[in-house]
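Structural overview for review
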Amino acid sequence: MVEVARRDHGLLAAARTCRTQGAAPVGRGRNARMTQAYQKVAYYPGCALEGTAHAYDRSTRAVAKALGLEIEELQNWNCCGAMEVKSTDPKLQTYLSARNLGIAAKMGHTAVMAPCNGCYHNLKKAEYDLRNDPASIETEKRISTKAGHASYQPGTVETIHALDWIKKAIGEDGLRARVKKSLSGLKVANYYGCMYSRPRHIFPEKDKGPGSESTLKPHFMDDVLGAAGAVNVEFPLKTACCGGAHTLSDSDTSTRLVLNILTTADACGADVIATECATCHSGLEMHQSRGEKVFGKKTNVKILYFTQLLGLALGLSARQVGVHENFSDSVGMLRARGLG
């Protein structure tokens, strides 16, 4: 716990670096190159989006419809292996994720979109392992043969995040043209979590210069919400871990890690923390309540999926994007800004 305490002190001190930016994130005014390949993609919701993160699924589907983008859910998909399988048998996890990629290929897709950071990370990792790890290749082939389906051939399908999908299929200019209710004046701390960009080697498309995502300082969510009118605050903990993997085994550590994120967002003047990870979102909401009850630390920042904020900007109602499903009660704040 001494190490956690030191981390608490260091991360809370990071709040001193907070700065508020305008609607267009600093240095990110350019659009990524648009691609027709993302106008229709395979959709892999994963387990969480059918349960605790149903609001993320609801808002993702609603935003797709509002933007005129087509998503086709994978047929008979399975769990990606999440953290549980990966921690006990990583080769089996590679097979589970590869099977989903194979389904996307069989359905005729060249890209599969996964909004959940865990699913996105695991599919990307499977792609890497099947190119570079002989043991993973052998395991995937053996289980695929036993299951009676073909092995997945790496490179057949591209895995993209929901942020990649919107950023590259529509772009900032396209979003600005579609905004019906600007997020103007809403101060947002964009929180990406730790699995969106780490480990770096499984994301070869990142860090490729202008137009690409950064693993050190991600900005795609800033770009998307900035185009919708939001004021993005300079948030130093955008890739800090929320302790999601330790929620059951060490709840106090998870709560402390979340409090670092929440108190820093408050210190930065954020009205909202925007999330793009199902596990992170649930953790922030749950430990915000627990932080007040167990540690006596009350924080005021609201927590919303980035797809919910974008949907509101596109003119969808709070109910259409599932705001009522969130544990964090942001309805009053949104109504006061004409967004509810």
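Shown above is the structure to which this text applies.
Below or above, wherever it landed, is the structure these notes cover. Everything numeric in this text was worked out from a predicted model, so none of it was measured.

Concerning the overall build of the chain
Looking only at helices and strands, one finds 13 helices and 9 strands in the chain. In the chain, which comprises 340 residues, the proportion classed as buried is 55%. Long-range pairs, those at least 24 residues apart, make up 79% of the contacts in the chain between residues at least 6 apart in sequence. Total accessible area on the chain is roughly 14300 Å²; 52% of this is exposed by carbon and sulfur atoms.

With respect to the packing of helix 5 (residues 117-132) against helix 6 (residues 134-147)
Between helix 5 and helix 6, the least distance of the axes is 6 Å, while the angle of their chain directions is 105°. With respect to helix 6, the element helix 5 is oriented roughly perpendicular. In contact with Asp129, Leu130 and Asn132 of helix 5, helix 6 contributes Pro134, Ser136, Ile137 and Glu140.

Regarding the side chain of Thr239
Examined against the element boundaries, Thr239 turns out to sit in the loop between strand 7 (231-234) and helix 10 (251-267). Accessibility expressed as a relative area gives 16% for Thr239, which makes it buried. Residues in contact with Thr239, not counting those within four places in the same chain, are Gly193, Cys194, Ser197, Arg198 and Pro218.

Some thoughts on the pairing of strand 6 (residues 187-191)
Taking burial as the measure, the 5 residues of strand 6 include 4 buried ones, the bulk of the element. Where strand 6 lies against strand 7, 2 bridges are found, and the strand directions are parallel. From the neighbouring strand, Val188 faces strand 7, where its bridge partner is Asn232. Read as a crossover between parallel neighbours, the route from strand 6 over helix 9 (residues 220-227) to strand 7 is right-handed.

The rules behind these values
- Residues numbered from 1 in each chain as written.
- Predicted model: local features only at pLDDT ≥ 70, side-chain atom pairs only at ≥ 80, totals over all residues.
- Heavy atoms only, no water.
- Helix = DSSP H or I, 4+ residues; strand = E, 2+ residues; numbered from the N terminus.
- Buried < 20%, exposed > 50% of the residue type's maximum accessible area, 1.4 Å probe, protein only.
- Contact = heavy atoms within 4.5 Å.
- Areas by Shrake-Rupley, 256 points an atom, 1.4 Å probe, with all protein chains shown as cover.
- Axes fitted to C-alpha atoms, helices over the stretch in contact; angles between N-to-C directions.
- Parallel < 35°, antiparallel > 145°, perpendicular 65-115°, else oblique.
- Pairing = 2+ DSSP bridges.
- Right-handed = clockwise from strand over helix to strand, strands pointing away.

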